[in-house]
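# Structural overview for review
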Amino acid sequence: MMQFVHESASVRVVFGAGSIAHLKDEVARLGFRRVLTLSTSNKRNLAEHAMRVLEDRAAGMYTRARMHVPVETAVEACTEATRLELSLIHI
């Protein structure tokens, strides 16, 4: 598998086998103290793995995400981030 890092003014993509090992460093690079891990319910195991990699930067997990997110789901995720006292980034 090819490995690469792509970065532009609005997007940074870290791609390749084992890239998740750099997740904690990427979060720190962005200046975040703690982050909320989002996933769909059927990918919960991957979200749990991300939380283990994040260690003390993992604030919690929200597993009700889905493609074409309904506004109610986005509001629930924002409410959870607020409950965990996290900063939000609006994209």
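The following refers to the structure shown. The shown structure was predicted, so the numbers you read here are calculated from the model rather than taken from an experiment. (Residues numbered from 1 in each chain as written. Predicted model: local features only at pLDDT ≥ 70, side-chain atom pairs only at ≥ 80, totals over all residues. Heavy atoms only, no water.)

Another aspect to go through is a nonpolar patch on the surface. Taken together, the side chains of M2, F4, V11, V13 and F15 make up a nonpolar region of the molecular surface, amounting to roughly 420 Å² of accessible area. Among the secondary structure elements, V11 is positioned in the loop between β1 (4–7) and β2 (12–15). Classification of V11 by relative accessible area gives partly exposed; the value is 38%. (Patch = residues over 30% accessible without salt bridge, like charges linked within 9 Å, V, L, I, M, F, W, Y side chains within 5 Å. Areas by Shrake-Rupley, 256 points an atom, 1.4 Å probe, with all protein chains shown as cover. Salt bridge = Lys/Arg side-chain N within 4 Å of Asp/Glu carboxyl O. Helix = DSSP H or I, 4+ residues; strand = E, 2+ residues; numbered from the N terminus. Buried < 20%, exposed > 50% of the residue type's maximum accessible area, 1.4 Å probe, protein only.)

Turning our attention to the nonpolar core. In terms of nonpolar packing, the biggest core is built from 7 residues, these being L36, A59, Y62, A77, A81, L84 and L86. Contributions of two or more residues to this core are made by β4 (58–62) and α3 (71–83). The contacts of L36, once residues within four sequence positions are left out, are G60, M61, Y62, A77, E80, A81, L84 and L86. (Core = buried A, V, L, I, M, F, W, Y, C linked by side-chain atoms within 4.5 Å. Contact = heavy atoms within 4.5 Å.)

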